[in-house]
Amino acid sequence: MRIGVYLAHPRPDSFNGALFDAVVAELRGLGADVRAHDLYAEGFDPLLAAAETETVADGGPSVDDLVQAHRAEIAELDALVFVHPNWWGMPPAMLAGWVQRVLVPGVAYKLGTADGEPAGLLKAGRALVLNTSDTPAERERDEFGDPLQRVWNACVLPYVGVVDVRRTVFRTVTDSGEPQRTAWLREARELAAALLDPRDAEAS
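Residues numbered from 1 in each chain as written. Predicted model: local features only at pLDDT ≥ 70, side-chain atom pairs only at ≥ 80, totals over all residues. Heavy atoms only, no water.

### A short note on the overall build of the protein
We count it as follows: For the purposes of this entry, the term helix denotes a DSSP run of H or I that reaches at least four residues, the term strand denotes a run of E that reaches at least two, and both are numbered from the N terminus. Note that the radius of gyration is over C-alpha atoms, with the globule rule given as 2.2 Å times the number of residues to the power 0.38. Think of it in three bands: with a 1.4 Å probe and only protein chains considered, a residue is buried below 20% of the maximum accessible area for its type, exposed above 50%, and partly exposed in between. Every residue pair with non-hydrogen atoms within 4.5 Å of one another is taken to be in contact. For every accessible area listed, the method is Shrake-Rupley and the probe measures 1.4 Å; residues are considered covered only by the protein chains on display. This count recognises Lys and Arg as positive and Asp and Glu as negative, with His and chain-terminal groups excluded. For this purpose, a charge sits on NZ of Lys, CZ of Arg, CG of Asp or CD of Glu.
The helix and strand inventory of the protein stands at eight helices and seven strands. Scaling as 2.2 N^0.38, a compact globule of 204 residues should have a C-alpha radius of gyration of about 17 Å, and the protein matches this with 17 Å. Dimensions of the protein, computed from the C-alpha atoms along their principal axes, are close to 50 × 40 × 35 Å. By the burial criterion, 44% of the 204 residues in the protein qualify as buried. Long-range pairs, those at least 24 residues apart, make up 76% of the contacts in the protein with a sequence separation of at least 6. Summed over its atoms, the accessible surface of the protein is roughly 10,000 Å², and 53% of this surface lies on carbon and sulfur atoms. Measuring between centres, the 19 positive side-chain charges of the protein sit 3 Å from its 31 negative side-chain charges.

### A short note on helix 7 (residues 178-194)
Short version of the rule: In this scheme, a helix's expected span is set at 1.5 Å multiplied by one less than its residue total. In this context, the arc is that of the directions from the helix axis out to the C-beta atoms.
The terminal C-alpha atoms of helix 7, which comprises 17 residues, lie 24 Å apart, in line with the 24 Å expected from a rise of 1.5 Å per residue. Buried residues of helix 7: Trp184, Ala188 and Ala192, and no others. For helix 7, the angular spread of the buried residues around the axis is 75 degrees, confining them to a single face. Residues of helix 7 that are exposed and point more than 90 degrees away from the buried face comprise Pro179 and Glu190.

### Digging into the sheet that holds strand 3 (residues 79-85)
What counts, and what does not: One bridge is not enough; two strands pair if DSSP finds at least two bridges between them. Note on geometry: axes are C-alpha line fits, over the in-contact stretch for helices, and angles between N-to-C directions span 0 to 180 degrees.
Here we have five strands laid out as an open sheet, ordered 2-1-3-6-7, and parallel in their pairing. Edge positions in the sheet fall to strand 2 (33-38) and strand 7 (164-171), since each has one partner strand and no second. Averaged over all neighbouring strand pairs, the angle between strand axes comes to 15 degrees, with direction disregarded. Where strand 1 (residues 2-7) meets strand 2, six bridges bridge the pair, whose relative direction is parallel. Bridge assignment links Tyr6 to a residue of strand 2, and that residue is His37. Running at roughly 155 degrees to strand 7, helix 6 (residues 147-156) makes contact with strand 3, strand 6 (126-133) and strand 7 of the sheet.

If you want it as structure tokens, here you go:
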């Protein structure tokens with residue numbers, strides 16, 4: 001399997017970075033062809049250009065070589081993994097910009113009209129989203145409605161053809177100790193390994 005793993009966190013020593021490293025190591029250890037991307041380290045430019053704002057017609061190749069490389073790669077992936085914190089109920093601007101610049105018409109979806117039903121173009125049938133948060137689960141659900149769940153499970157991934165979306169939130173991170181973080185890293189490895197389960201491939 002070809003799996004893209006994407007990290008969006010500006011601090012190299014963050015727990016998000018540890019999750020990313022654990023997932024990449026687990027998948028590679030199991031024989032997956034992993035395309036690992038630390039978007040900040042790569043210097044990905046998240047700023048959407050005016051020429052890239054088309055939502056229906058194919059926009060053509062990007063003049064940004066890195067953006068174009070990401071577009072070409074994602075079309076060939078079998079699964080996706082996103083690792084990022086919950087900041088103000090949103091992914092970091094880096095990852096939001098990646099979504100807007102990479103998951104474009106003609107690459108990730110096809111839309112006949114602006115109000116039409118999209119046809120997802122990605123061959124990746126499943127995705128894993130790993131989030132970190134300092135908001136307790138009950139407050140996230142009752143006060144905020146878990147906006148990241150809506151972002152990934154309704155607004156983004158199904159739109160581009162991903163039918164199996166798995167998401168886990170590790171919380172609360174700031175006050176967590178080493179034993180808890182070790183357990184979370186073990187869980188992240190298990191969740192990543194489950195992406196390779198052939199029984200899931202048959203079901204999706």
